[in-house]
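Observations on the three-dimensional arrangement
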Amino acid sequence: MPREIRIEISDELYEQLQQAAAERHLPPEAYAGRVLDADLTRARFHEGARAFIAEHAQGFAERFGGSAGSNADAA
């Protein structure tokens, strides 16, 4: 179920939001929702990547060579 949130932004940021939304032929509210969704999706992906590296880095290093510690912080 979609939820509604209210945020306050400066007039300058709202003008930028309107311009970016217009370039994509979207209402500012829809564009802001897409940007927020993409940002949260990216954050979940990075969190998952870090967890995957932490879990599998040692085994990967043992099988293919290299140091698990030096690449584990790459994400």
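Residues numbered from 1 in each chain as written. Predicted model: local features only at pLDDT ≥ 70, side-chain atom pairs only at ≥ 80, totals over all residues. Heavy atoms only, no water.

Below, the discussion takes up the nonpolar core. Most often, soluble globular proteins have nonpolar side chains that are buried together. Judged by nonpolar contacts, Leu17, Ala20, Ala21, Leu26 and Tyr31 together constitute the single largest core of 5 residues. A per-element tally of this core places helix α1 (residues 11-23) first, with 3 residues. Leave out the neighbours within four places in its chain, and Ala21 touches Leu26, Pro27, Pro28 and Tyr31. (Core = buried A, V, L, I, M, F, W, Y, C linked by side-chain atoms within 4.5 Å. Buried < 20%, exposed > 50% of the residue type's maximum accessible area, 1.4 Å probe, protein only. Helix = DSSP H or I, 4+ residues; strand = E, 2+ residues; numbered from the N terminus. Contact = heavy atoms within 4.5 Å.)

Following the sequence through the fold, Gln16 ends up in helix α1. Look at Gln16 and you get partly exposed, because its relative accessible area is 43%. Taking the C-alpha atoms as reference, Gln16 lies 9.6 Å from Pro28; in sequence the two are 12 residues apart.

Scanning all chains against the criterion turns up 1 aromatic pair. Measuring from ring centre to ring centre gives 4.7 Å for Phe60 and Phe64, while their planes differ by 45°; the resulting arrangement is tilted. Highlighted residues: Phe60 and Phe64, both in helix α2 (residues 28-64), separated by 4 residues, approximately one helical turn. Under the relative-accessibility criterion, Phe64 is labelled exposed at 53%. (Phe/Tyr/Trp six-rings, centres within 6.5 Å; stacked < 30°, edge-to-face > 60°.)

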